[in-house]
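Below, each chain spelled out in residue letters.
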Amino acid sequence: MNDNINNRGLWRSKIGFIAAASGSAIGLGNIWRFPYLTGENGGAAFVFIYMFFVLLIGFPVMLAEVSIGRNTQRNPVGAFKKLAPKTHWKYVGILGVISGFAILSFYSVVAGYALGYIFETLFGAFRNVQTAQQTKLIFGEFASNPISSLLCLSLFLFVNGIIVYKGVEEGIERWSKTLMPILLFLLIFLVIRSLTLKGSLEGLNFYMKPDFSKVTGSTFMNALGQAFFSLSLGMGTMITYGSYLSKKDNLVTSVSYVCLFDTLIAFIAGLAIFPALFAMGLAPNEGPDLVFVVIPSIFSKIPGGTYFGTAFFILLVIAALTSTISLLEVVVAYIIEERGWSRKRATVGASIISFLLAIPSALSGGIVKFFTKLPYYGGDFLSFMSTVFGSYALSIGCLFIAVFVGWRWGVHRASQEIANGNPKFKSRVLWHFLIKFVSPIAVLLIILNLIKSSFF
Ligand code: TRP
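Note that this is a predicted model, so its numbers are computed, not measured. (Residues numbered from 1 in each chain as written. Predicted model: local features only at pLDDT ≥ 70, side-chain atom pairs only at ≥ 80, totals over all residues. Heavy atoms only, no water.)

This next bit is on a nonpolar patch on the surface. Residues Trp407, Phe433, Phe437, Ile441 and Leu445 make up a contiguous nonpolar surface patch of roughly 530 Å² in combined accessible area. No other element matches helix α18 (residues 428–455), which puts four residues into the nonpolar patch. Mapping Leu445 onto the fold places it in helix α18. By relative accessible area, Leu445 is classed as exposed at 56%. (Patch = residues over 30% accessible without salt bridge, like charges linked within 9 Å, V, L, I, M, F, W, Y side chains within 5 Å. Areas by Shrake-Rupley, 256 points an atom, 1.4 Å probe, with all protein chains shown as cover. Salt bridge = Lys/Arg side-chain N within 4 Å of Asp/Glu carboxyl O. Helix = DSSP H or I, 4+ residues; strand = E, 2+ residues; numbered from the N terminus. Buried < 20%, exposed > 50% of the residue type's maximum accessible area, 1.4 Å probe, protein only.)

See below:
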């Protein structure tokens, strides 16, 4: 994508934006993070709260980000500088850039696991697997090997860097438009196999029958953070993508599609995983390893599973790439436009910093005890990064974005922007209410509640 402000490209069609924004939204967040958080947070009640947040908070905030982007035609920091010159609002953009680095680091480690799993699967590591206990051992061995973790991580970051440096994201988006439906198809295939395993019903109950008695403050925080993470909100990705939209495009329908696709994929991923998980006698609170343990064991129960499994991990890596491209792009666009670096230097520099930041996460699968079990926090370094930056920092970013659009830039100016390409904008009043009051207050309450429950 071209981030030179004087020579900005536009998406060639409305589908261009929907494809790219869905590419950013759909990724490991849907297939890796959503299932593991659902498992850790008690199942169906979490799913229910998550969807409620996507609708009530995620959707209005995405509309807000995209309207800032189309209005200012800038990177996130530049956008705040343009709409609120000489104020501290630009720090919201800067927080976004920092979150971008941090998310890119742990995300690439997991993407590296997926990359390694292409070869594990292809070379038959799961061919004779009978139980989930075995796939668990295989993953444990794989993730605790520092050499392969770091190698896969570097390879992934390298490919990601090349794509962003060459500015060929559009080519990737076009590719992924044909490949993502195949991923969806494979997921549906997995759902069918998973549901036909003996003992799957218990998993279906866990996933679909809410038990609200187990809901705590941290359930709300995790569901909210996951909604923002999965929709790529809170750090300016959607400001950047919105900046390439034409005035003729209908923002409300475009944003609706992105939210719908993203939620659908996450939901289907859960539907594939939980019935199989219970059928295989695993515990749902397996943590970040969950997907890498459950998915191979489902494939091992399908004829030709080696090949379907390999295809699955190839597609998962591509889905991850279309997300990390958007993460790196925000960081790189900021360095180029605000610091005056060349694209090459910015991409290489940002990739190296991300790699260094990723090392503790890559070692958190074993080997270095300190990273496996952090003092105070208790969990491993990767989950720590995922919680702090994937949930908390994004929630704070979204809080500020909602307050900015609701109160500083103003809902009326924002609505005028949205009305381009959508003259009637029927849900105007509802959106004003959501972005001015509901989103900021809900996010604030959830954060305060979390602080209260963790410190007092
Ligand atoms: N949404 C992506 C996923 O679900 C991850 C991602 C890409 C992201 N860009 C982002 C998350 C920006 C937060 C902000 O895999």
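Don't stop here, the text continues.
Attention now moves to the nonpolar core. In terms of nonpolar packing, the biggest core is built from 155 residues, with Phe312 and Trp431 touching the most fellow members. Sorting elements by how many residues they give to this core places helix α14 (residues 305–339) first, with 18 residues. Setting aside anything within four residues of it in sequence, one finds Phe312 in contact with Ile31, Leu183, Leu186, Leu187, Leu190, Ile295 and Phe299. (Core = buried A, V, L, I, M, F, W, Y, C linked by side-chain atoms within 4.5 Å. Contact = heavy atoms within 4.5 Å.)

The next subject is the side chain of Thr135. Within the element layout of this structure, Thr135 appears in helix α6 (residues 132–144). Look past the residues within four positions of Thr135 in its chain and what remains in contact with it is Tyr117, Phe126, Val129, Val293, Pro296 and Ser297.

Bringing the site of the ligand into the picture now. For the ligand, the set of nearby residues contains 16 residues, the closest of which are Ala25, Gly29, Tyr107, Phe229 and Ser232. One of the backbone N or O atoms of Ser24 is found 3.2 Å from a nitrogen atom in the ligand. In the model, an oxygen atom of the ligand is placed 2.8 Å from a nitrogen or oxygen of the Ala25 main chain. About the coverage of the ligand: the protein hides 100% of its 360 Å² of free accessible area. (Near = heavy atom within 4 Å. Polar contact = N/O pair within 3.5 Å; in protein donor to acceptor, adjacent residues only side chain to side chain.)

This part is about the environment of Leu382. Position of Leu382 among the secondary structure elements: in helix α17 (residues 381–419). Judged by its relative accessible area of 4%, Leu382 falls in the buried class. Sequence separation between Leu382 and Phe106 is 276 residues, and the spatial gap between their C-alpha atoms is 6.0 Å. What Leu382 contacts, discounting residues up to four positions off in sequence, is Trp32, Phe106, Val109, Val110, Ser361 and Ser364.

Relative to the helices and strands, Gln73 is located in the loop between α3 (44–72) and α4 (76–83). Taking the C-alpha atoms as reference points, Gln73 and Ser243, 170 residues apart in sequence, are found 4.4 Å from one another.

In this section: the packing of aromatic side chains. Summed over all chains, the structure comprises 34 aromatic pairs. Their ring planes at 70 degrees and their centres at 5.2 Å tell us that Tyr117 and Phe142 sit as a pair that is edge-to-face. Of the two residues, Tyr117 sits in helix α5 (residues 90–122) while Phe142 sits in helix α6, which places them 25 residues apart along the sequence. Just as Tyr117 is buried, Phe142 falls in that class too. A centroid spacing of 5.7 Å and a plane angle of 55 degrees characterise the contact between Phe299 and Phe312, whose relative ring orientation is tilted. Residue Phe299 is found in helix α13 (residues 290–299), and its partner Phe312 is found in helix α14; the two are separated by 13 residues along the sequence. (Phe/Tyr/Trp six-rings, centres within 6.5 Å; stacked < 30°, edge-to-face > 60°.)

The next thing to look at is the confidence of the model for the protein. Summary statistics for the protein give a mean pLDDT of 91 and a share of 95% for residues scoring 70 or more. This stretch, residues 1–6, has a pLDDT under 50; its non-local contacts, to residues over four places away or in other chains, come to 21 contacts. (pLDDT = per-residue confidence, 0-100.)

Looking now at the packing of helix α2 (residues 28–40) against α17. The geometry of a pair of packed helices is captured by two quantities: the angle between their axes and the separation between those axes. Viewed as axis vectors pointing N to C, α2 and α17 meet at an angle of 100 degrees, and their least axial separation amounts to 13 Å. Taken together, the axis directions place α2 and α17 in an arrangement best described as roughly perpendicular. Facing Trp32, Arg33 and Tyr36 of α2, the residues of α17 in contact are Leu382, Ser386, Thr387, Gly390 and Ser391. Class assignment for the residues of the contact of α2 with α17 results in three nonpolar, four polar and one charged. (Axes fitted to C-alpha atoms, helices over the stretch in contact; angles between N-to-C directions. Parallel < 35°, antiparallel > 145°, perpendicular 65-115°, else oblique. Nonpolar A, V, L, I, M, F, W, Y, C, P; charged D, E, K, R; others polar.)

Moving on, we get to the pattern of salt bridges. Per the counting criterion, the structure on display carries six salt bridges. Here Lys136 ties to Glu286 by a salt bridge, and the two come within 3.1 Å at their closest N and O atoms. Highlighted residues: Lys136 in helix α6 and Glu286 in the loop between α12 (251–279) and α13, separated in sequence by 150 residues. Residue class for Glu286 comes out buried when judged on its relative accessible area of 16%. Look at the salt bridges and you will find they share partners, linking Arg70, Lys247 and Glu417 into a network.

Relative to the elements of secondary structure, Ser351 occurs in helix α15 (residues 343–362). When its relative accessible area of 14% is taken as the criterion, Ser351 is described as buried. Each residue touching Ser351, except ones within four places of it in the same chain, is listed here: Leu157, Gly161 and Leu328.

With respect to the helices, strands and loops of the structure, Ser364 is situated in the loop between α15 and α16 (369–372). Judged by its relative accessible area of 6%, Ser364 falls in the buried class. The sequence separation of Ser364 and Ile396 amounts to 32 residues, and the corresponding C-alpha distance is 26 Å. Here the side chain of Ser364 touches Ser361 through a polar contact of 2.7 Å, landing on its backbone oxygen.

So, about α17. With 39 residues, α17 extends only 44 Å from end C-alpha to end C-alpha; this falls clearly short of the ideal 57 Å at 1.5 Å per step. Taken as a whole, α17 carries its principal kink of about 100 degrees at Trp409. A distance of 3.0 Å separates the backbone nitrogen of Leu382 from a side-chain oxygen at the start of α17, and that oxygen is part of Asp380. Looking at the residues trailing α17, positive phi occurs at Gly421, about 85 degrees. (Expected span 1.5 Å × (residues − 1). Bend = angle between axes of the 7 residues up to and from the residue.)

Right, let's get into unusual backbone geometry. We note that Gln73 has phi near 55 degrees; this positive angle belongs to a residue other than glycine. With relative accessibility at 26%, the residue Gln73 sits in the partly exposed group. Here Lys86, not a glycine, exhibits a phi torsion of approximately 60 degrees, which is positive. Mapped onto the elements, Lys86 comes out in the loop between α4 and α5.

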